[in-house]
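# Structural characterization, general
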Amino acid sequence: MARRLERALVTGGAGFIGSHLCDRLLAEGCRVLAYDNLLTGRMENIQHLLGDPRFDFEHYDVTNYLHVAGELDAILHFASPASPADFERLPIQILKVGSLGTHKALGLAKAKGARFLLASTSECYGDPEVNPQPETYWGNVNPVGVRGVYDEAKRFAEAMAMAYHRHHGVDVRIVRIFNTFGPRMQVDDGRAIPNFIRQAIRSEDVTVYGDGCQTRSIQYVDDLVEGIWRLLNCEYVGPVNIGSHNEITMYELARTIIRLAESSSQIVNRPLPPDDPKVRRADNSLAKEVLDWEPRVPPEEGLRRTIEYFRAELARSSSA
Ligand code: UDP
């Protein structure tokens, strides 16, 4: 077992996944420092933590020089916009946080002797020619396409993390995160699940891009957080895929969400964005082997919980 984690920094700590990680780290007895520039993160995600004396928040852009007073045992680098809609809205910020932000966070890990865990992504596999994707697959990424800003930034971040590991001996972990959903996703972040749920709740048309035959494997956020926690506490550097192996088409996903939301929405087709991966499915056998990890929350159960959250969010924003 690794050394005890007394104090951790989470970059992107007010984001969807970052805020759930803050919750988990605090529950495990860590003190937590969260940095976020609130570009896609939201204070609402961490409001419940602000009174906790073991939690600190800094409104800060981690592409700038990082100074943290005191000891740090772990840095979890989760800062980045991550929705394909952001790839067109925020391309430079995505490239900067993946490159400059990762560099700064690694420099801080080196200075503090902290373990460094990088949030990488299944986007490293691009539009894959191998399905499911094992960690040994090197991917099929278009560097000059619209998705390249995220894919290449994360691939660069992995290369940078491994260089700091090999050259400076930084204790690195890399998690490749597959499609994840749950409470605290932004209702308008543009990804398939938030779009479908928002549209279904409002009885609007549900927009399936292309013919809807493209696939993803979706996991509930609690399962992801469990996988990340296990990776942080084991000695395996990675990369390790954390994702579901259950593949679903976007058409099936839309139908499932309409049914679970008891909605009268109709499905309509919209153009498929460029370079949209045709298939994606996690080969999670390595996570099973080294972390004894598997997804536990059935997708429909996770979707029900997320629909509940979205109903409350939409009611709150319409009454505000
Ligand atoms: N998608 C869709 N309708 C939407 C939003 C997304 O059909 O309103 C499709 C998108 O083209 C992709 C899949 O759903 O094929 C998953 O998209 P998402 O944005 O969730 O993330 P990705 O897995 O592409 O990073």
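Residues numbered from 1 in each chain as written. Predicted model: local features only at pLDDT ≥ 70, side-chain atom pairs only at ≥ 80, totals over all residues. Heavy atoms only, no water.

### Notes on the overall build of the chain
As a reminder, the rule being used: Runs of E in the DSSP output that reach at least two residues are strands. Runs of H or I that reach at least four are helices, and both are numbered from the N terminus. Computation of the radius of gyration draws on C-alpha atoms alone. For the globule rule, the value is 2.2 Å times the number of residues to the power 0.38. Relative accessibility under 20% of the residue-type maximum defines a buried residue, over 50% an exposed one, and the middle range a partly exposed one, all with a 1.4 Å probe and only protein chains included. Here, two residues are considered to be in contact whenever any of their heavy atoms come within 4.5 Å of each other. Only the protein chains shown count as cover for residues, and the accessible areas themselves come from Shrake-Rupley with a 1.4 Å probe. His is not counted here, nor are the chain ends, while Lys and Arg score as positive and Asp and Glu score as negative. We put the charge of a Lys on NZ, of an Arg on CZ, of an Asp on CG and of a Glu on CD.
A count of helical and extended segments in the chain gives nine helices and 13 strands. Since a compact globule built from 320 residues should have a radius of gyration of about 20 Å, the 19 Å found for the chain is in line with a globular shape. A buried classification covers 56% of the 320 residues belonging to the chain. Long-range pairs, those at least 24 residues apart, make up 81% of the contacts in the chain with a sequence separation of at least 6. Working note: accessible area of the chain is about 13,800 Å², and carbon and sulfur atoms make up 50% of it. Computed over 37 positive and 43 negative side-chain charges, the inter-centroid distance for the chain is 2 Å.

### Brief notes about the site of the ligand
The condition that has to hold: Near is defined per residue: the residue qualifies when any heavy atom it owns lies within 4 Å of the molecule or strand. N or O atoms closer than or at 3.5 Å make up a polar contact, with two conditions inside protein: a donor-capable atom paired with an acceptor-capable one, and, for residues adjacent in sequence, both atoms drawn from side chains. Under the grouping applied here, Gly and all other residues not named as nonpolar or charged are polar, the nonpolar ones being Ala, Val, Leu, Ile, Met, Phe, Trp, Tyr, Cys and Pro and the charged ones Asp, Glu, Lys and Arg.
Close to the ligand lie 18 residues; Asn179, Thr207, Tyr209, Arg216 and Asp276 are nearest. One nitrogen or oxygen atom from the main chain of Tyr209 is found 2.7 Å from an oxygen atom belonging to the ligand. Separating an oxygen atom of the ligand from a side-chain N or O atom of Asp276 is a distance of 2.5 Å. A breakdown of the residues in the shell around the ligand according to their chemical character gives seven nonpolar, five polar and six charged.

### Topic: helix 6 (residues 221-232)
What counts, and what does not: In this scheme, a helix's expected span is set at 1.5 Å multiplied by one less than its residue total.
Compared with the 16 Å implied by 1.5 Å per residue over 12 residues, the 16 Å span of helix 6 between its first and last C-alpha is a close match. The buried count for helix 6 comes to nine of 12 residues, which makes it a mostly enclosed element. Of all the residues in helix 6, the buried ones are Val221, Asp223, Leu224, Val225, Gly227, Ile228, Trp229, Leu231 and Leu232.

### Notes on the environment of Thr207
Looking at where Thr207 falls in the secondary structure, it is placed in strand 8 (residues 206-209). Measuring from C-alpha to C-alpha, the distance between Thr207 and Ala192 comes to 8.5 Å, with 15 residues separating the pair along the chain. When neighbours within four sequence positions are excluded, Thr207 is seen to be in contact with Asn195, Phe196, Gln199, Val268 and Arg270. Side chain to side chain, Thr207 and Gln199 meet in a polar contact 3.0 Å long.

### Overview of the sheet that holds strand 5 (residues 115-121)
Defined as follows: Note: two strands are recorded as paired if DSSP finds a minimum of 2 bridges between them. Under this scheme, a helix contributes an axis fitted over its contacting stretch, all axes are lines through C-alpha atoms, and angles between N-to-C directions fall in the 0 to 180 degree range.
Taking strand neighbours across the sheet as the criterion, the seven strands line up as 3-2-1-4-5-6-11 in an open arrangement whose pairing is parallel. The open sheet terminates on both sides in strands that have one partner only, identified here as strand 3 (55-59) and strand 11 (240-242). Strand-to-strand twist of the sheet, defined as the mean angle between neighbouring strand axes without regard to direction, takes the value 20 degrees. One ladder, built from five bridges, connects strand 2 (residues 31-36) with strand 3; its direction is parallel. When the bridges of strand 3 are listed, Ala34 appears paired with Phe57. In the packing of helix 3 (residues 91-112) onto the sheet, contacts are made with strand 1 (7-11), strand 4 (74-77), strand 5 and strand 6 (172-177), and the angle to strand 4 comes to roughly 175 degrees.

### Comments concerning helix 7 (residues 250-260)
Among the residues of helix 7, Met250, Leu253, Ala254, Thr256, Ile257, Ile258 and Leu260 are the ones counted as buried. Check the buried side of helix 7 and you find it contacts helix 5 (192-201), strand 8, strand 9 (215-217), strand 12 (247-249), strand 13 (267-270) and helix 9 (299-319). Just downstream of helix 7, Glu262 is the residue with a positive phi angle, here 50 degrees.

### Some details on the nonpolar core
Under the convention used in this document: Among buried residues, the Ala, Val, Leu, Ile, Met, Phe, Trp, Tyr and Cys ones that are joined through side-chain atoms within 4.5 Å form a nonpolar core.
Core analysis: the biggest nonpolar cluster contains 62 residues, and Leu25, Leu76, Phe78, Ile228 and Leu253 have the highest contact counts within it. Per-element accounting of this core gives the leading share, seven residues, to helix 6. When residues no more than four places from it in sequence are discounted, the contact partners of Phe78 are Thr11, Gly12, Ile17, Leu21, Leu117, Ala119, Ile177 and Ile228. Formed by 26 residues, the second largest nonpolar core is a distinct cluster that contains Leu106, Leu108, Ile174 and Val237.

### A look at the pattern of salt bridges
The cut-off we apply is this: Definition used for salt bridges: Asp or Glu carboxyl oxygen within 4 Å of a side-chain nitrogen of Lys or Arg.
Across all of its chains, the model carries 27 salt bridges by this definition. Put simply, Glu226 and Arg24 hold a salt bridge, and the shortest N to O gap is 2.9 Å. Placement of Glu226 in helix 6 and of Arg24 in helix 1 (residues 16-27) is noted, with a sequence separation of 202 residues between them. A salt bridge links Glu300 to Arg259; the shortest N-O distance between them is 2.7 Å.

### Describing the layout of surface pockets
Put simply, the test is: Whether a set of points on the 1 Å grid over the protein atoms alone is a cavity depends on a 1.4 Å probe fitting there but being unable to get out, while an open set qualifies as a pocket with protein on both sides within 12 Å along at least five of seven lines; lining residues are those with an atom within 4 Å of a point. Grid points are joined across faces, edges and corners, and a volume is the space filled by probe spheres set on the points.
Taken as a whole, the second largest pocket encloses approximately 180 Å³ of empty space. Residue composition of the lining of the second largest pocket, grouped by class: five nonpolar, three polar and two charged.

### Things to note about empty space enclosed by the protein
In this approach a probe as big as a water molecule rolls over the atoms, and the regions it shows empty are the leftover space. Enumeration according to the criterion identifies one cavity of 30 Å³ or more in this entry. Space inside the largest cavity adds up to approximately 30 Å³. Leu21, Arg24, Leu25, Leu76, Ile228, Trp229 and Leu232 are the residues that line the largest cavity. Contributions of two or more residues to the lining of the largest cavity are made by helix 1 and helix 6. In terms of residue class, the lining of the largest cavity is made up of six nonpolar, no polar and one charged.

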